[in-house]
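Structure assessment
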Amino acid sequence: MTLRTTFLGTSGAVPTTRRAPSAVMVNREGERFLFDCGEGTQRQMMRFNTGFDVGHVFLTHLHGDHVLGLPGLLQTWDFQNRTDSLAVHCPPGSRRQLRDLIGAGGHDTAFPVRIHEVTPGSVALEGDAYEIRAFETEHRTTSQGYALIEDDRKGRFDREKAEEELGIPPGPAYGKLHAGESVELDDGRVIEPEQVVGDPRPGRSLVYTGDTRPVDATVAVADEPDLLIHDATFDDEMAGRARSTGHATAREAGKIAERAGAKRLALTHISSRYPGDARGHQREAAGVFDGDCFVAEDGQTVELPFPDDE
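Given the structure is predicted, the values throughout are model-derived calculations rather than measurements.

Brief notes about helix H9 (residues 250-260)
Those residues of H9 that sit buried are Ala250, Glu252, Ala253, Gly254, Ile256, Ala257 and Ala260. Looking at the buried positions of H9, the neighbouring elements they touch are helix H7 (216-220), strand S13 (227-231), strand S14 (264-268) and helix H10 (279-286). Backbone geometry just downstream of H9 places Gly261 in the positive-phi region, at approximately 70°.

Here's what the structure looks like:
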């Protein structure tokens, strides 16, 4: 089952020729979610071939580099004769400002746009075998991050044991046992699911912080996330600037990833102070984080396999 992340914009507040403002597309088995929508996001969606079939947009906060792409994207969808409704999820108290932003160009969409204010700690979206949960972050304005957390999956069915050791004939009984139902065989024996089905297997999880200082909520929101996408606007030399502007350094992001037990860490929201490569960010984060660490680039795609498929 696909769980794919595409980085559409990885710059800080000011875009560069290499990095666009913040936006991340997540594709879970064909269901697309857009996290933040900085200026030019729709062009990045075209450029990196993510598709436009988005049902939910999740905004971390209302600073321009995270939302100014939304009015244009809505207008494009209208020109494409979209009829499906769009849900926009945002922090508490943001609805009126967001409505004003969407209507600033004087264009009313023909399709419904529903704005949902989400309280940190609550579920923004409950889907089929997953949920997207909001968590509190610390920035210069009301802000929050989001975590996509899949349900546990069924344990593996031990066909060899079922057939050879227990003598269960192949057929409907296998499906019933895997679904958690007991089965009575022709000889009167009753087979319980736990005799042939292993322990539940974990699903996958992805955490996106948006702009933030290092906070405990990022650690607590998901158990050992497969991918943590964390603000890493500055390097160590600019640690004071990071504190005063409500951002994190790469090293601070690495410490949070280590505490969270993340498997991979993507450093993003890279300041325009670093117009070339940001390998220094990667080195600083890797110095305190044992997992896979990289500086996200526009257009980069990350596939998240199930833990037991790696």
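Read on, since the account is not over.
Re the side chain of Glu284
You can see Glu284 is positioned in helix H10. No salt bridge is formed by the buried Glu284, whose closest oppositely charged neighbour, Arg251, lies at an N-O distance of 5.0 Å. Once residues within four sequence positions are removed from consideration, Glu284 is found in contact with Asp235, Asp236, Ala250 and Arg251.

Some details on the sheet that holds strand S3 (residues 31-35)
Strand pairing in a sheet relies on backbone hydrogen bonds. The paired strands run either parallel or antiparallel. Overall, mixed pairing links the seven strands, which are arranged S6-S5-S4-S3-S2-S1-S16 in an open sheet. Looking at the sheet topology across the chains shown, the edges are occupied by strand S6 (113-117) and strand S16 (301-303). Ignoring which end each strand starts from, the neighbouring axes of this sheet average 20° apart. The pairing of strand S2 (residues 23-28) with S3 spans five bridges and is classified as antiparallel. Of the residues in S3, the one forming a bridge with Arg28 is Glu31.

Thoughts on the nonpolar core
One finds Val207, Leu228, Leu265 and Leu267 to be the most contacted residues of the largest nonpolar core, which totals 25 residues. Elements with a minimum of two residues in this core: H9, S14 and strand S15 (292-295). With five residues, the single largest contributor to this core is H9. Residue contacts for Leu265: discarding those within four places in its chain leaves Leu228, His230, Ala253, Gly254, Ala257, Ala285, Phe289, Asp292, Cys293 and Phe294.

Regarding H10
Within H10 the residues assigned to the buried category are His281, Glu284 and Ala285. Buried residues in H10, looked at end-on, bunch into an arc of 95°, giving them a common side. Summarising the geometry of H10, the exposed residues directed more than 90 degrees from the buried face are Arg279 and Arg283. Residues of H10 that are buried sit in contact with H9, S14 and S15.

Considering the packing of aromatic side chains
Overall, the coordinates contain eight aromatic pairs when judged by the stated rule. By the ring-pair criterion, three or more aromatic residues cluster together here, those being Phe33, Phe35, Phe58, Tyr130, Tyr146 and Tyr208. Taking NZ or CZ as reference, Arg153 lies 3.8 Å from the ring centre of Phe306, over its face. Positioned above the aromatic ring of Phe306, the side-chain terminus of Arg204 is 3.8 Å from the ring centre.

What about unusual backbone geometry?
The phi dihedral of Asn49 is positive, around 55°, even though this residue is not glycine. When you line up the elements, Asn49 lands in the loop between helix H1 (41-47) and strand S4 (54-58). Here Asn49 falls in the exposed class, since its relative accessible area comes to 69%. The backbone phi angle of Asn81 is positive, close to 65°, even though this residue is not glycine. Looking at where Asn81 falls in the secondary structure, it is placed in the loop between helix H3 (70-79) and strand S5 (86-90).

Focus on empty space enclosed by the protein
Per the counting criterion, the structure on display carries one cavity of 30 Å³ or more. Forming the walls of the largest cavity are Gly9, Ser22, Ala23, Val24, His66, Tyr208, Gly210, Asp211, Thr268 and His269. Counted by class, the lining of the largest cavity contains three nonpolar, six polar and one charged residues.

So, the pattern of salt bridges
Taken as a whole and assessed by the stated rule, the structure comprises 14 salt bridges. A salt bridge links Arg159 to Glu163; its shortest N-O distance comes to 3.6 Å. You can see Arg159 and its partner Glu163 sitting in helix H5 (residues 159-165), four residues apart, about one turn around the helix. Arg259 is paired through a salt bridge with Asp216; the nearest N and O atoms lie 3.0 Å apart. Taken together, the positions of Arg259 in helix H9 and Asp216 in helix H7 put the pair 43 residues apart, joining distant regions of the chain. No difference in accessibility class separates Arg259 from Asp216, as the two residues are exposed.

What counts as what
- Residues numbered from 1 in each chain as written.
- Predicted model: local features only at pLDDT ≥ 70, side-chain atom pairs only at ≥ 80, totals over all residues.
- Heavy atoms only, no water.
- Buried < 20%, exposed > 50% of the residue type's maximum accessible area, 1.4 Å probe, protein only.
- Helix = DSSP H or I, 4+ residues; strand = E, 2+ residues; numbered from the N terminus.
- Contact = heavy atoms within 4.5 Å.
- Lys, Arg positive; Asp, Glu negative; His and termini not counted.
- Salt bridge = Lys/Arg side-chain N within 4 Å of Asp/Glu carboxyl O.
- Pairing = 2+ DSSP bridges.
- Axes fitted to C-alpha atoms, helices over the stretch in contact; angles between N-to-C directions.
- Core = buried A, V, L, I, M, F, W, Y, C linked by side-chain atoms within 4.5 Å.
- Arc of directions from axis to C-beta.
- Phe/Tyr/Trp six-rings, centres within 6.5 Å; stacked < 30°, edge-to-face > 60°.
- Lys NZ or Arg CZ within 6 Å of the ring centre and 35° of its normal.
- 1 Å grid on protein atoms, 1.4 Å probe; cavity = no way out; pocket = protein on both sides within 12 Å on 5 of 7 lines; lining within 4 Å.
- Points joined across faces, edges and corners; volume = space filled by probe spheres on them.
- Nonpolar A, V, L, I, M, F, W, Y, C, P; charged D, E, K, R; others polar.

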